[in-house]
Amino acid sequence: MTFEMDVENELVASLQVSLITFPALQSYLGRVAWVAATIVDPPAWCGITSLHGGWPVTVCVSDERARLADQVQYDAGEGPCLEAMWSGAVVDVDDDEAARWWGRYHDHAREAGIHSMLSIPLEGVDRRSVGALNLYGERPNAFTGADIQRAEWCARDATRTVAHWLRKAGEAEVRKGLEGAVITRTLVEEAMGILMAQHHWDAPRAFGWLRHLSGNDARRLHEVASDVIREATRRPPVLQAPFGLHRRW
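In the nomenclature of an unreviewed UniProt entry, the chain is known as ANTAR domain-containing protein of Actinopolymorpha pittospori.

Helices and strands together make up the secondary structure of the chain, namely 10 helices and 5 strands. Looking at the chain as a whole, 45% of its 249 residues qualify as buried. Counted over contacts in the chain with a minimum sequence separation of 6, partners at least 24 positions apart contribute 60%.

In this section: the environment of Trp-153. Along the chain, Trp-153 turns up in helix H7 (residues 145–168). Taking the relative accessible area as the measure of exposure, Trp-153 reaches 23% and is therefore partly exposed. As for Trp-153 and Ile-120, which are separated by 33 residues in sequence, their C-alpha atoms are 9.8 Å apart.

Right, let's talk about helix H10 (residues 221–233) for a bit. Residues lying three or four places apart along an α-helix face the same way, a consequence of the helix completing one turn every 3.6 residues. Compared with the 18 Å implied by 1.5 Å per residue over 13 residues, the 18 Å span of H10 between its first and last C-alpha is a close match. Listing the buried residues of H10 in full gives Leu-221, Val-224, Ala-225, Ser-226, Val-228 and Ile-229. Just beyond H10, the residue with positive phi is Arg-234, at close to 60 degrees.

Attention shifts here to the pairing of strand S4 (residues 116–123). Burial of S4 is extensive: 7 of the 8 residues sit out of reach of the surface. Bridge analysis of strand S3 (residues 91–94) against S4 gives 4 bridges, and the strand direction is antiparallel. By the bridge assignment for S4, Asp-94 is matched with Ser-116.

When the terminal C-alpha atoms of helix H3 (residues 64–76) are compared, their 19 Å separation across 13 residues agrees well with the 18 Å that a helix rising 1.5 Å per residue should span. Burial runs high along H3: 11 of the 13 residues are buried. Taken residue by residue, H3 has Glu-64, Ala-66, Arg-67, Leu-68, Ala-69, Asp-70, Gln-71, Val-72, Gln-73, Tyr-74 and Ala-76 as its buried positions. In this structure Asp-63 caps H3, since a side-chain oxygen of it lies 2.8 Å from the backbone nitrogen of Arg-65.

Applying the stated criterion to the full structure yields 2 aromatic pairs. Relative to Trp-102, the ring of Trp-101 has its centre 5.4 Å away and its plane inclined at 75 degrees; by these criteria the two rings are edge-to-face. Residue classification places Trp-101 among the partly exposed residues on the basis of a relative accessible area of 49%.

All right, on to the side chain of His-106 then. Counting through the fold element by element, His-106 comes out in helix H6 (residues 103–111). Here His-106 is in contact with Asp-95, Ala-98 and Ala-99, once residues within four sequence places are set aside.

Moving on: the pattern of salt bridges. Under the defined criterion, the tally for this structure stands at 9 salt bridges. Across the pair Asp-95 and Arg-110 runs a salt bridge, and its minimum N-O distance is 2.9 Å. Residue Asp-95 is located in helix H5 (residues 95–101), and its partner Arg-110 is located in helix H6; the two are separated by 15 residues in the primary sequence. Using a relative accessible area of 41% as the deciding quantity, one classes Arg-110 as partly exposed. The shortest N-O distance in the salt bridge between Arg-230 and Asp-227 comes to 3.0 Å. Taken together, the positions of Arg-230 and Asp-227, both in helix H10 and 3 residues apart, correspond to about one turn of that helix.

Definitions and cut-offs
- Residues numbered from 1 in each chain as written.
- Predicted model: local features only at pLDDT ≥ 70, side-chain atom pairs only at ≥ 80, totals over all residues.
- Heavy atoms only, no water.
- Helix = DSSP H or I, 4+ residues; strand = E, 2+ residues; numbered from the N terminus.
- Buried < 20%, exposed > 50% of the residue type's maximum accessible area, 1.4 Å probe, protein only.
- Contact = heavy atoms within 4.5 Å.
- Expected span 1.5 Å × (residues − 1).
- Pairing = 2+ DSSP bridges.
- Polar contact = N/O pair within 3.5 Å; in protein donor to acceptor, adjacent residues only side chain to side chain.
- Phe/Tyr/Trp six-rings, centres within 6.5 Å; stacked < 30°, edge-to-face > 60°.
- Salt bridge = Lys/Arg side-chain N within 4 Å of Asp/Glu carboxyl O.

Here you go:
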């Protein structure tokens, strides 16, 4: 057995073990995102989107760059993630195809160094889309047929686990977890807006600075964003779910 197969088998096994190791849904999905990003060659960035009150929300990522790539699609109302959720079909495109289909999203993708996009729909028990698993690659045509199969496996496993967890969890617990993801995203967006206004930066540079601070200080991204907001406004951040997404699915 090759070294690559050994590594792949270890990653797949770690995903199964995480069902026991991470009982909380968001922690488990974070593990799914990490495995999905790492099991393709070369490694990619992964974000998992879920629908919260009819709106798309990124609930976990393997890399914070994936969160921004997802959010740009939500704000523009277009992109491979939303297309996969709307159509229920796998979407595998490079940046040239993205330019033809989603002009507003394509501009961000190219600036962020994204040249391949793969989105796998997450289906509920009634086969309606309840989210998507999104992979972003830094080279054109990055995802092979084998990569797509691996990503689909992760998506199916995530869907089964989410369905099982939702059956067992109370409504209040579900709402709390999803609203936490929305609040985190809102803090990061507000902090990015402040940095863009203060320094005349574009969105990728503002986000990169937040990520840089988070990595250097070994803190969560939303904690760094809260500090930026507090320093600029002289008040604590307002922790409430936003209403401002542009498109409902």
